[in-house]
Amino acid sequence: MLKYNVTIIGVGLIGGSLALSLKDSPLINKIIGIDTNEEGLKKAVSSGIIDTALNLKQGVSDADIIFICTPLSTYSTILNEIKDNLKTGVIVTDVGSTKQKVMQLYQEILSDEVIAIGGHPMAGSETGGLEGADKYLFENAIYVLTPFNNTDEKYIDILKQVLSATGAKIKVLEPVQHDFTVAIISHVPHITAAALVNLTKGNPNDLMLAAGGFRDTTRIASSNIKIWEDIIFTNKNQLIPALESLINILTDYKEIIENNQLKGLSEYLTSAKTIRDSIPAIRKGLLPSFVDIICIVPDKPGIIGQVGLLLGNIGINIVDIEILRAREGDGGTMRIGVPTLKDAEEAIKKLSKENIKAWLK
Ligand SMILES: NC(=O)c1ccc[n+]([C@@H]2O[C@H](COP(=O)([O-])OP(=O)(O)OC[C@H]3O[C@@H](n4cnc5c(N)ncnc54)[C@H](O)[C@@H]3O)[C@@H](O)[C@H]2O)c1
Ligand SMILES: O=C(O)C(=O)C[C@]1(C(=O)O)C=C[C@@H](O)C=C1
């Protein structure tokens, strides 16, 4: 079996997560890490996330596959620095959140002997840097690849095989289609989350009342600023029309409310609810691979283990679990994902018998 030397440039949240998910793959020979943050790089070696840390030019020279995982604004400098140190037939890919500008850089800077394939895993976190790295970050997530139209399928297949260790679902898209879509489902939501936080002006009297609604709609406003400045400016052409559409919708809402149009309001809210509810779960990859139940558990040590054991004893496998609310001294609400509807119904029966209130989500 062929084994590949992988080099990751930028061992932060995404690069570190990639290294963790690839490191035990039988297709990987070694993982070399490159980063301007020397401290972080040392930690990545000492904790076994990468095999070796090298400088940019040395680190790419023996690579079969290079993943660029740095902020988008660094790509041009990095590509210019590495272009003369690459092996013939090396695959250069990246994880950048926008794709048209990146593909343009590949075209302009790299020689024909290098196989450039754009990439973008649709998973992330507001916790940036190596501390946020997670071996399972890409599991069940969509991972977009944007090869050039004339890229030999053989190389796309190699990259797909290597990425299979991440557990992500690969989807090949045209860069323009990718950028249009992410403007709507990622970039406008990000700006909106930031705007919602801006709206509070940090007023402690308002923030004091902030609860689930505010938290759920603004989590991503805590993300890495540099990463997002780059994303926003490299997708300006797709983002501005998408923002204009959002502004028009908000203006509609304002006018509907001003004019007391209950029917108009109901239509807008119903349409949003219908669309949102039709998405089985807004989580990695939007894949409805399990059924959720909600249960209320007493606040006592070991309760999560006990629930696991109760379901385990009747042969039900928990495939996803989340604590939605924990109330000190009272109880908490948990979401538990099980493989099938039948499992969910049996789980509810079992938990109810044990006086744990549970229902289908
Ligand atoms: N954060 C997300 O949710 C997310 C999700 C998908 C894709 N992305 C994309 O992934 C890329 C990285 O984002 P991240 O969230 O992992 O950021 P990060 O800040 O966690 O990691 C970036 C790493 O690159 C290093 N770095 C910066 N400039 C460098 C340079 N010139 N040479 C070498 N190393 C350098 C930093 O020290 C850091 O370790 C971005 O292009 C972003 O668009 C981010
Ligand atoms: O879940 C998060 O924290 C993210 O911000 C992830 C998210 C997104 O879904 O918008 C953000 C940017 C990336 O390019 C891909 C995914």
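What counts, and where the lines are drawn
Residues numbered from 1 in each chain as written. Chains lettered and ligands numbered in written order. Predicted model: local features only at pLDDT ≥ 70, side-chain atom pairs only at ≥ 80, totals over all residues. Heavy atoms only, no water. pLDDT = per-residue confidence, 0-100. Helix = DSSP H or I, 4+ residues; strand = E, 2+ residues; numbered from the N terminus. Buried < 20%, exposed > 50% of the residue type's maximum accessible area, 1.4 Å probe, protein only. Axes fitted to C-alpha atoms, helices over the stretch in contact; angles between N-to-C directions. Parallel < 35°, antiparallel > 145°, perpendicular 65-115°, else oblique. Left-handed = near helix turned anticlockwise from the far one by under 90°. Contact = heavy atoms within 4.5 Å. Nonpolar A, V, L, I, M, F, W, Y, C, P; charged D, E, K, R; others polar. Near = heavy atom within 4 Å. Polar contact = N/O pair within 3.5 Å; in protein donor to acceptor, adjacent residues only side chain to side chain. Areas by Shrake-Rupley, 256 points an atom, 1.4 Å probe, with all protein chains shown as cover. Domains from an automatic or database assignment. Core = buried A, V, L, I, M, F, W, Y, C linked by side-chain atoms within 4.5 Å. Pairing = 2+ DSSP bridges. Buried area = accessible area lost by both parts, 1.4 Å probe. Salt bridge = Lys/Arg side-chain N within 4 Å of Asp/Glu carboxyl O.

*Asks:* Please give an account of the confidence of the model for the protein chain that cites residues and values.
*Replies:* Here the protein chain shows a mean pLDDT of 93. Residues at 70 or above account for 95%. For this predicted complex, the interface confidence score (ipTM) comes to 0.99, while the overall pTM stands at 0.86.

*Asks:* I'd like to hear about unusual backbone geometry, residue by residue, with values.
*Replies:* One non-glycine residue with positive phi stands out, namely asparagine 140, at about 65°. Summarising the element assignment, asparagine 140 is placed in the loop between strand S6 (115–121) and strand S7 (142–147). Classification of asparagine 140 as partly exposed rests on a relative accessible area of 27%. The phi dihedral of asparagine 355 is positive, around 65°, even though this residue is not glycine. Residue placement: asparagine 355 occurs in the loop between helix H14 (341–353) and strand S12 (357–360).

*Asks:* So, the packing of helix H7 (residues 175–200) against helix H10 (residues 225–234): which residues are in play, and what are the values?
*Replies:* It is at 11 Å that the axes of H7 and H10 come closest, and there the two elements cross at 125°. Classified by the interaxial angle, the pair formed by H7 and H10 is oblique. Crossing of H7 against H10: the hand is left-handed. Contacts from Ser186, His187, His190 and Ile191 in H7 reach Trp228, Ile231 and Ile232 in H10. In terms of residue class, the contact of H7 with H10 is made up of four nonpolar, three polar and no charged.

*Asks:* I'd like to hear about the site of ligand 1, residue by residue, with values.
*Replies:* With respect to spatial proximity, 28 residues lie near ligand 1, and among them Ile14, Asp35, Thr70, Ser97 and Gly129 are the closest. At 2.8 Å, a backbone N or O of threonine 70 approaches an oxygen atom of ligand 1. A distance of 2.7 Å is found between an oxygen atom of ligand 1 and a side-chain nitrogen or oxygen belonging to serine 97. In isolation ligand 1 exposes 840 Å². Once the protein is present, 84% of that is buried. Only helix H1 (13–22), helix H4 (75–82), S6 and H10 provide two or more residues apiece to the shell around ligand 1. Residue classes in the shell around ligand 1 are distributed as 13 nonpolar, 14 polar and one charged. When residues of the shell around ligand 1 are assigned to domains, at least three fall in each of domain 1 (4–173) and domain 2 (178–278).

*Asks:* Before we move on, can you summarise the site of ligand 2 with the specific residues and values?
*Replies:* As a matter of local geometry, ligand 2 sits amid Ser97, His120, Pro121, Ala123, Gly124, Ser125, Glu126, Ser186, Arg219, Ile220 and Trp228. The contact in question runs from an oxygen atom of ligand 2 to an N or O atom on the side chain of serine 97, over 2.7 Å. In the model, an oxygen atom of ligand 2 is placed 2.9 Å from a nitrogen or oxygen of the arginine 219 side chain. Bound to the protein, ligand 2 loses 80% of the 370 Å² it would expose on its own. Of the residues that constitute the shell around ligand 2, the class distribution is four nonpolar, five polar and two charged. Shared between two domains, the shell around ligand 2 takes at least three residues from each, and those domains are domain 1 (4–173) and domain 2 (178–278).

*Asks:* So what's going on with the nonpolar core? Which residues, and what values?
*Replies:* Within the largest apolar cluster, 39 residues are counted, with the highest numbers of intra-cluster contacts made by Ile8, Leu18, Ile65 and Phe67. Elements with a contribution of two residues or more to this core: strand S1 (4–9), H1, strand S2 (28–34), helix H2 (38–46), strand S4 (65–68), S6, S7 and helix H6 (153–163). When neighbours within four sequence positions are excluded, phenylalanine 67 is seen to be in contact with Val6, Thr7, Ile8, Ile9, Leu18, Leu22, Thr93, Tyr143, Leu159 and Leu163. Judged by nonpolar contacts, the second largest core, of 25 residues, contains Ile9, Ile68, Ala116 and Ile231.

*Asks:* Go over the sheet that holds strand S5 (residues 91–94), please, and point to the residues and values.
*Replies:* With respect to topology, eight strands assemble into an open sheet ordered S3-S2-S1-S4-S5-S6-S7-S8, the strand pairing being mixed. Each edge of the open sheet carries a strand with a single partner, namely strand S3 (52–53) and strand S8 (169–172). Note that S6 and S7 share five bridges and pair antiparallel. Considered in S7, the bridge of glycine 118 is made with threonine 146.

*Asks:* Tell me about the packing of helix H11 (residues 236–258) against helix H12 (residues 262–278), and name the residues and values.
*Replies:* Across the interface, H11 lies against H12 with an axial gap of 9 Å and an inter-helix angle of 145°. As for the relative orientation of H11 and H12, their crossing is left-handed in sense. Along the contact surface, H11 presents Ile249, Asp252, Tyr253 and Ile256, while H12 presents Gly264, Leu265, Tyr268 and Leu269. Here the residues of the contact of H11 with H12 sort into six nonpolar, one polar and one charged.

*Asks:* I'd like a description of the domain arrangement of the protein chain, backed by residues and values.
*Replies:* For the protein chain, the assigned domains read domain 1 (4–173), domain 2 (178–278) and domain 3 (290–360). Between the C-alpha centres of domain 1 and domain 2 there is a distance of 31 Å. Every contact between the two is made by 15 residues of domain 1 and, on the other side, 16 residues of domain 2. Buried area between domain 1 and domain 2, summed over both chains or domains, comes out near 1,300 Å², and the portion from carbon and sulfur atoms is 59%. Inspection of the domain 1/domain 2 interface yields one salt bridge.

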